[in-house]
Structures are given as structure tokens and as C-alpha cells.
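Coordinates in review
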Amino acid sequence: MGRSLIFNFIFFAIISYFHLSCEQETTTTKLSLEITDSIRIDYIGLLDFMDIRPNIKRVLLHDRQRGIILMTDFNGNHLLNMDKGGDQKGSYGRFLWSTANIKRNEHISLVSPKGFFEFDSKGNLVKHKSFEEEVPFFAGRAAADSELMEHNGILFQKGIVAWGEYNKTQDEYYDQFQLLVKFDPERRTAERIINLEENSPYRSSGRSYEISEMNPSFDILGDKLLVIAGTAPYLNFYDINSPHKLIDRKRIDYPNYHMGEGEDRSKADPKAIAFDESAGRTYNLKVYKDYLITSFSTGYEATDREDYKAIKNREDHRVFKKRIKGKYQPALLLMNHRGETIQRLALPDKLDHRQYLVRDGELWWLSKINTEKEEDFIQIYKVEIINKK
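With respect to burial, strand β8 (residues 115-119) is a largely interior element, five of its five residues being buried. One ladder, built from five bridges, connects strand β7 (residues 108-112) with β8; its direction is antiparallel. Pairing of S112 across the sheet is with G115, part of β8. Where β7 hands over to β8, the hairpin turn is made up of two residues, counted between the paired strands. When β8 meets strand β9 (residues 125-129), the two strands line up antiparallel, connected through four bridges. In the strand pairing of β9, F117 is matched with H128. Taking the residues that link successive antiparallel strands as the turn, the β8-β9 hairpin has five residues, and the phi of G123 there is positive, at about 90°.

What follows is the structure, given as C-alpha cells:
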């Protein structure tokens, strides 16, 4: 009996040792973001990152000023400069709701207020389906943080309507506010989905918030929609199938985070559109391998927030921005698929804090705009998450 007790003690001691060793190894494991490849694209003008297809070596970009869609190869050669944004025949109109996508045959598909479009690799219109009914005018932009995503033939994107029956000083505005839209190309329909949750700060605080403070980030993980609404640090998991029931809701563990406080509704101007620079917010959310990656800013701490709110003119704003320069840099948060924090990651200075995509299991990032001097090229970087112990 004594020998048995001694054996059990030794056995559990060994198990405990290995368990502790594994825990120590996990906690000492450090992850970093490393650039492993790049594509240089010569171009004079501002380009947004829309799509990349490593399997056919194609990149799709958008010149937001000229309305040009540019497709290149991985050597940076320009293969297509497509301008279909005017009133010409076969035009998708003056406004894209989100990114255009490269199909495997090098065709380009997109959605605009005029319907569903497909162009061939030379820019010729191949297919067009107008909407069955008139649809609301959604706010959006043709960049990687407004990605158009497909699931079983249905398309999803941000679907914020800028104006409606109610305004930001009324409860009904937040009760009816919806974050996403889903398109059915076969039925030629658009349906707004995903209301703000009842316990969302936007609905429960009684404060007034700008659209920019509720601008969502989202991605698709299996049969779930993962949604973060602007400055509110919550990751919501929804069933991707109608009626898109909420499955789970987790607070995101952003370090030193300061959510936007909104404005007293009695003092808010319902006709004014403002941008609260002091509010922490999520810029983008992507599923990459076993991770969820968000890019975010923490928001201003209390003293800087008060100084920001006291700004009266442009000179005050210039002095304030100079004083806090470099203090609040965008960063990345790495989570597992359950929304549990793994690690905060510094964002390399070369990378744009909004525009990154996952394609064919690879992570690709747009270069950061050089604010010191105008450049006649952009870079698309291939990035990997590396284990370092």
C-alpha cells in the first residue's frame, strides 16, 4: 500500500512537471509579424487594395480619385486600367459599394448601386444584373477594410445607410441601425441585416454617436459572421444563415482601451457629421489560419481627451496633434477563433493599418502612405506570423 502511494505521488509529480513546463513554454512563446515577400507597383496617385490572387498572380487596386480599377501581375506590370465609373454604356456608375474581386478566369466581379457586374480581363462587360427592387444607398468604399465576402453564393459587406427617417439624437435611430447587407445575385436582392445588440453601448448609454463610431469590421468563419461595431470593443458571433441569430458575444481585451463616449443627445446637432479622433476603434478584422487579427487604435487617455474636446480652431488642433504625435499608434491584436486574446502585436511602420487581406491561406498587406514625400509607387507585402521563443 505504501509503495502504491509513493508511486502515485511520483506519477502525479511528473505529470504536474510536464504540465507546468508546457504552460511556461506557451507563455514564453512570442509571435511576431514578418514581411516575407513584396510586390512593387509603379503608379502616380492614391491606390486602395481590393484583391489579390496568389494562385494566378494577380493584384486588383482602385484609384479612388480617378475611379480607375487597376489589375497587375506579381511583377507590377499593368494588365488592365479600367474606367467604367461614368455614364457610359456598360458602366457600374459613379460609386462602388465595396471591393471588386478577381475570379479564377481573371474576370472582375463587383457590386454597385446599379447591380451586379462582371468584366473580362480586358475590361469588357460580360454580365450585368440590375436589382429586382430599388435599394438604399449604402456608405462604403472600394478598399480592403470594406471587403465583399462570399458564402455559398451569397455576398456580404458593410451596409450602413447614411440617412434615414430618424437621426442620431433619437432612440429609434439606434434601434433600427443595421451593420451589414447581404446580396443574392440570383434573386437580384439586397437585404440589410444585423441590428445593434440591445446591450450595445450605442443603445444602452443614451448618448449620441456618429456613423464613423459604429462603422463595422467583419469576417466569415465557417458558418458564422464575426462582427465588431466600431468603437465598441465587442466581438459578436452570428449564425450566417437567416435570421442571423446571435451565438456569442465577447468583450475584446484591447490593452489601455478607451471607447468613444459619444455626445449628450440634447447638445448634439442632428444635421452635423463629425469625427471623434479621440475614440478607440477597430479598423479591420480578418480570419488567418488559427487566428483572428484585428487592427485597432486605443483611443485617447482622459487628459488628452479633454484637451481634444477643448480645441476651438485649426491652430489649436495643429498644436494638439503635434504634442501627441506618435503617442497613439495603431496596433494589432491576435486572438484565437473563440475571441480569446493571444498577444498584442506592434504594427510594422511599412504597413497600412486598415488594408490587409487573406487569400489562399496567405496574408497580404498594403504599404503605408509616405506622408513625408510623394511616391510614385506602392508595395503589397506578404506577411507571416512567426513563432519566436
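With that settled, consider helix α5 (residues 314-324). At the N-terminal boundary of α5, the capping side chain belongs to N313, with an oxygen 3.2 Å from the backbone nitrogen of E315. One or two steps after α5, the chain reaches G326, where phi turns positive at roughly 85°.

On the secondary structure map, Q355 appears in strand β24 (residues 351-359). By relative accessible area, which is 3% here, Q355 ends up buried. Reaching out from Q355, the side chain makes a polar contact with the side chain of D48 at a distance of 2.8 Å. A distance of 2.7 Å separates a polar atom in the side chain of Q355 from the backbone nitrogen of F49. For Q355, the residues in contact, after removing those within four places along its chain, are D48, F49, R141, A143, A144, D145, W365 and L366.

Turning to the nonpolar core, a few remarks are in order. Of all hydrophobic cores here, the largest spans 38 residues; its most connected members are Y202 and L225. Per element, the largest residue contribution to this core is five residues, and it comes from strand β16 (residues 224-229). Sequence-distant contacts of L225, that is, excluding residues within four places in its chain, are made with F156, L180, I193, F218, D219, I220, N236, F237, Y238, I240 and H244. Counting residues in each nonpolar core, the second largest holds 17 residues, with Y43, L47, I52 and L366 among its members.

Turning next to the sheet that holds strand β5 (residues 78-82). With antiparallel pairing, the four strands of this open sheet are ordered in space as β2-β3-β4-β5. Here the strands that pair on one side only, and so sit at the sheet edges, are β2 (47-53) and β5. The mean inter-strand angle of the sheet, taken between neighbouring strand axes irrespective of direction, is 20°. Two elements, strand β4 (residues 68-73) and β5, share four bridges in a ladder whose sense is antiparallel. Along β5, the bridge assignment pairs T72 with H78.

Applying the stated criterion to the full structure yields 19 aromatic pairs. Taken together, W97, F116, F131 and F183 form an aromatic cluster joined through their ring pairs. Taking NZ or CZ as reference, R40 lies 3.9 Å from the ring centre of F377, over its face. The ring of Y234 carries the charged tip of R249 above its face, separated from the ring centre by 4.2 Å.

We now examine the side chain of E210. Summarising the element assignment, E210 is placed in the loop between β14 (207-208) and β15 (216-221). Owing to a relative accessible area of 10%, E210 belongs among the buried residues under this scheme. Among the polar contacts listed, one links the side chain of E210 to the side chain of K168, at a separation of 2.4 Å. The contact partners of E210, leaving out residues within four places of it in the chain, are K168, A272, I273 and A274.

What counts and what doesn't
- Residues numbered from 1 in each chain as written.
- Predicted model: local features only at pLDDT ≥ 70, side-chain atom pairs only at ≥ 80, totals over all residues.
- Heavy atoms only, no water.
- Buried < 20%, exposed > 50% of the residue type's maximum accessible area, 1.4 Å probe, protein only.
- Helix = DSSP H or I, 4+ residues; strand = E, 2+ residues; numbered from the N terminus.
- Pairing = 2+ DSSP bridges.
- Polar contact = N/O pair within 3.5 Å; in protein donor to acceptor, adjacent residues only side chain to side chain.
- Contact = heavy atoms within 4.5 Å.
- Core = buried A, V, L, I, M, F, W, Y, C linked by side-chain atoms within 4.5 Å.
- Axes fitted to C-alpha atoms, helices over the stretch in contact; angles between N-to-C directions.
- Phe/Tyr/Trp six-rings, centres within 6.5 Å; stacked < 30°, edge-to-face > 60°.
- Lys NZ or Arg CZ within 6 Å of the ring centre and 35° of its normal.

So yeah, pure geometry; function would need other evidence.
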